[in-house]
Amino acid sequence: MSYSKHNTLLYVENLSVAYGDKVIIKDINFVEKDVVREGSVTGQVIAFVGRSGRGKSTLFRALTGLVKPTTGKILIADTLTDGGNDAKEVEEGDVGFVDQKYTLFRNKTVYEALLFALRNQKMTKEEKHDKIMSYLSEWGLEKAKDQYPNELSGGQRQRTAIIEQIFCSGHYMVLDEPFSGLDVGNIEDAKNAFNLISSLHSFNTIMYSTHDIELAVELADSIYVIGYPTIDGEHAHYGTIVKHFDMKALNLAWKEFGLGHLEIVKQIKTAMLAS
Amino acid sequence: MKYLVKPFEDVGKNTARMIVIFWIGALLLIWFLTSMGERHLFPSPQQVLTGFVELYNEGLVVHIASSLWLCVIAIFVAIIISLILTYLSTIPVIKPIAIAVSKLRYLPLTGITFYLAILISNARTMQIWVLVTFMSTYLTTSLLSMVNAIGEQEFDHARSLKCNRWEVLWEVVVKGRIDHVIEVIRQNLAIVWMMLVTVESILVAAGGLGFLIKNSDKFMNHGRIIALQIVILTLGLSIDFILSFIRKTFFRYSKI
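So, how was this worked out
Residues numbered from 1 in each chain as written. Chains lettered and ligands numbered in written order. Predicted model: local features only at pLDDT ≥ 70, side-chain atom pairs only at ≥ 80, totals over all residues. Heavy atoms only, no water. UniProt positions renumbered as here; feature names shortened; annotations may be inferred. Helix = DSSP H or I, 4+ residues; strand = E, 2+ residues; numbered from the N terminus. Rg over C-alpha atoms; globule rule 2.2 N^0.38 Å. Buried < 20%, exposed > 50% of the residue type's maximum accessible area, 1.4 Å probe, protein only. Contact = heavy atoms within 4.5 Å. Areas by Shrake-Rupley, 256 points an atom, 1.4 Å probe, with all protein chains shown as cover. Lys, Arg positive; Asp, Glu negative; His and termini not counted. Charge placed at Lys NZ, Arg CZ, Asp CG, Glu CD. Salt bridge = Lys/Arg side-chain N within 4 Å of Asp/Glu carboxyl O. Phe/Tyr/Trp six-rings, centres within 6.5 Å; stacked < 30°, edge-to-face > 60°. Lys NZ or Arg CZ within 6 Å of the ring centre and 35° of its normal. Domains from an automatic or database assignment. Polar contact = N/O pair within 3.5 Å; in protein donor to acceptor, adjacent residues only side chain to side chain. pLDDT = per-residue confidence, 0-100. Pairing = 2+ DSSP bridges. Axes fitted to C-alpha atoms, helices over the stretch in contact; angles between N-to-C directions.

As named in an unreviewed UniProt entry, chain B is ABC transmembrane type-1 domain-containing protein, taken from Marivirga aurantiaca. As stated in UniProt under Subcellular location (unreviewed entry), the record for chain B gives "Cell membrane".

For chain A, the name recorded in an unreviewed UniProt entry is ABC transporter ATP-binding protein, with Marivirga aurantiaca as its organism.

Quick notes on the overall build of chain A
When helices and strands are counted, chain A shows 7 helices and 12 strands. Radius of gyration (C-alpha) of chain A: 19 Å, near the 19 Å computed for a compact globule of 275 residues. Within chain A, the proportion of its 275 residues that are buried is 54%. Pairs at least 24 apart in sequence give 70% of the contacts found in chain A among residues at least 6 apart. Carbon and sulfur atoms form 49% of the exposed surface of chain A, whose accessible area is close to 12,300 Å². Side-chain charges of chain A comprise 30 positive and 37 negative groups, with the mean position of each set lying 3 Å from the other.

Focus on the overall build of chain B
Helix and strand counts for chain B stand at 11 helices and 0 strands. Its C-alpha atoms give chain B a radius of gyration of 23 Å, clearly above 18 Å, the size a compact globule of 256 residues would have. Each principal axis of the C-alpha atoms in chain B carries an extent, and together these give about 75 × 60 × 30 Å. For chain B, buried positions account for 41% of its 256 residues. Restricting to contacts in chain B with at least 6 residues of sequence separation, those with at least 24 account for 70%. Roughly 15,200 Å² of accessible area belongs to chain B as shown, and the carbon and sulfur atoms make up 71% of that amount.

A short note on the pattern of salt bridges
In this structure the tally under the stated criterion is 24 salt bridges over all chains. For the salt bridge of R165(B) with E92(A), the shortest nitrogen-to-oxygen distance reads 3.2 Å. Pair noted here: R165(B) is in helix α8 (residues 165–174) and E92(A) is in the loop between β5 (87–89) and β6 (95–98), and the two residues belong to different chains. Taking the shortest distance from any N to any O, the salt bridge between E154(B) and R177(B) comes out at 2.6 Å. Residue E154(B) is found in helix α7 (residues 152–160), and its partner R177(B) is found in the loop between α8 and α9 (178–202); the two are separated by 23 residues along the sequence. For the pair E154(B) and R177(B), a shared accessibility class is recorded, and that class is buried. When salt bridges that share partners are traced, they join R61(A), E92(A), E152(B), D156(B), R159(B) and R165(B) into one network.

Structural notes on the packing of aromatic side chains
This structure, assessed with the given rule, holds 14 aromatic pairs over all chains. With centroids separated by 6.0 Å and ring planes inclined at 75°, the aromatic side chains of F251(B) and Y253(B) adopt a geometry described as edge-to-face. You'll find F251(B) and Y253(B) in the same group, each marked buried. Among the aromatic residues, those joined into a cluster by ring pairs are F30(A), F48(A), F60(A) and Y224(A). The ring of F105(A) is capped by K108(A), whose NZ or CZ atom sits 5.3 Å from the centre of that ring. Over the ring of Y111(A) we find K145(A), and its NZ or CZ is 5.3 Å from the ring centre.

Considerations on the UniProt feature "transmembrane region" (unreviewed entry) in chain B
Residue and element names in this part refer to chain B. Per the UniProt record, "transmembrane region" (unreviewed entry) is annotated on residues 16–34, 67–94, 106–123, 129–150, 190–213 and 225–246. With 100% helix and 0% strand, residues 16–34 has end C-alpha atoms that lie 27 Å from one another. Along residues 67–94, the helical share is 79% and the strand share 0%, with 34 Å between the first and last C-alpha atoms.

Focus on the domain arrangement of chain B
As assigned here, chain B comprises domain 1 (2–34) and domain 2 (45–250). Relative placement of domain 1 of chain B and domain 2 of chain B: their C-alpha centres are 33 Å apart.

Things to note about the side chain of T103(A)
Tracing the backbone through its elements, the reader meets T103(A) in the loop between β6 and α2 (110–117). For T103(A), a relative accessible area of 9% translates into the label buried. Of the polar contacts made by the side chain of T103(A), one reaches the side chain of D99(A); its length is 2.6 Å. Not counting residues within four places of it along the chain, the set of residues in contact with T103(A) comprises R157(A), A161(A), Q153(B), E154(B) and H157(B).

Brief notes about the confidence of the model for chain B
Of all residues in chain B, 98% have pLDDT values of 70 or greater, and the mean over the chain is 88. No element of chain B has a lower mean pLDDT than helix α5 (residues 109–119) of chain B, which averages 77, and none a higher one than α8(B), which averages 96.

Section: the sheet that holds strand β4 (residues 71–77) of chain A
Adjacent strands of a sheet pair through backbone hydrogen bonds, lying either parallel or antiparallel. All names here are of chain A. Spatially, the 4 strands line up as an open sheet ordered β2-β1-β4-β5, and their pairing is antiparallel. Every interior strand has two partners, whereas the edge strands, β2 (22–36) and β5, have only one. Across the sheet, the mean angle from the axis of one strand to that of its neighbour is 25°, orientation sign disregarded. Taken together, the 5 bridges between strand β1 (residues 4–19) and β4 define a ladder with antiparallel strand orientation. Across the sheet, Y11 pairs through a bridge with L75, a residue of β4. Each of β1, β2 and β4 touches helix α1 (residues 56–63); the most contacted strand, β1, lies at about 115° to it.

This is how it looks when you write it as structure tokens:
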């Protein structure tokens, strides 16, 4: 499937995060560019996999600007400028973040939460209302409009959290284990949500972690394995990228799950077990 | 019947109601039986009833209103002080002050009343400030626990929506936990109510239920004392019920 790479959307260089003396992640370097495919709008879907405790959540907190890097830098495209090729250091709120529990404001209904997410947008009250109603309809949340988070199902909470971030954070979104605790139907909904976000704008970049390797391989066009690196024959006790699979270069992106994907699943599992 | 004495056994609503009625009946029966005869520990139901009538004729309603008003004023002032301290405790430079106020709950009442008596001459104001001083320490303790119990993900969520730190405080802690504040008041009410009676009995000039209890105690009128205890318990439980009702009615999302 032909594609071309354009502007750099995400640039991570020499990233490390330490809490006191404890180094959680170190030497993280990667670049993701805007992928352009003829005839379709395609965002970037990037998966991070790795065993528990390898620093995926810390990496996500750094990518979303919620924790300051101890060393290194994280640059994202400043999409508000005309050229779309300027870079800026990531700050709180630049990158949307949906955590594992799909956290929402407990005291706001779905509608109120989305209205709050739009509070800084230069739109009239009516425009905001129309936008919210259109998203609620498109994402199957119309009936849940006036419900509080404790009255929503896991899938409804997740979709609300995703729309909130779409409204507020622009083109980037990080989802920490978006498929955990969801039933088969809700997983399908989450996959559809990925496709929907991806098809909205070519700059849209979804980064997610998962323990479901098959889902990572099926959905992502770029997969990073986070694990403990082996240095001089011994495991270091900090997380880093131990392997990268560019599914586009492997000609496996945007395709039905097949034998090629299964081979990648095997390789990822091997890399995970070794790190 | 065997299931009624089995640990962790679920019983229906009607059965649960019957169990409660049984225990109330048993309590009343024990009361009747133990208060019969010449020598008895508790006053008889007849003596308590007489105590009620006497108290009513002596202005029980006015004293109840006086105690309730004192309670409302003291709770209002104490909760305002405690909330300000708690919300500001999220600022590192203020945190030690809030923690120190919380620790003051271990101070005895006598020491504080001495200094308050020097500063305040009016009996009613004195009662209010004795209560406020002590309630603030307990309320601050509970409110600090409330803030500490908020998960990091809630703060992260607000920050990811471009909330600055003051907005995070407003949205997550202040607005997001109003129902918890009501619950904190409800949970501390028992201490407040107990202290209110003590404070009123120390400073009798302004009247109230505490004054009535002390007065009855002086004359060994046990019928009146038990009657007052029943009034105080009923009022306390009523306030508890009202606060719980308000929380559940006005905060649909509240599942504490």
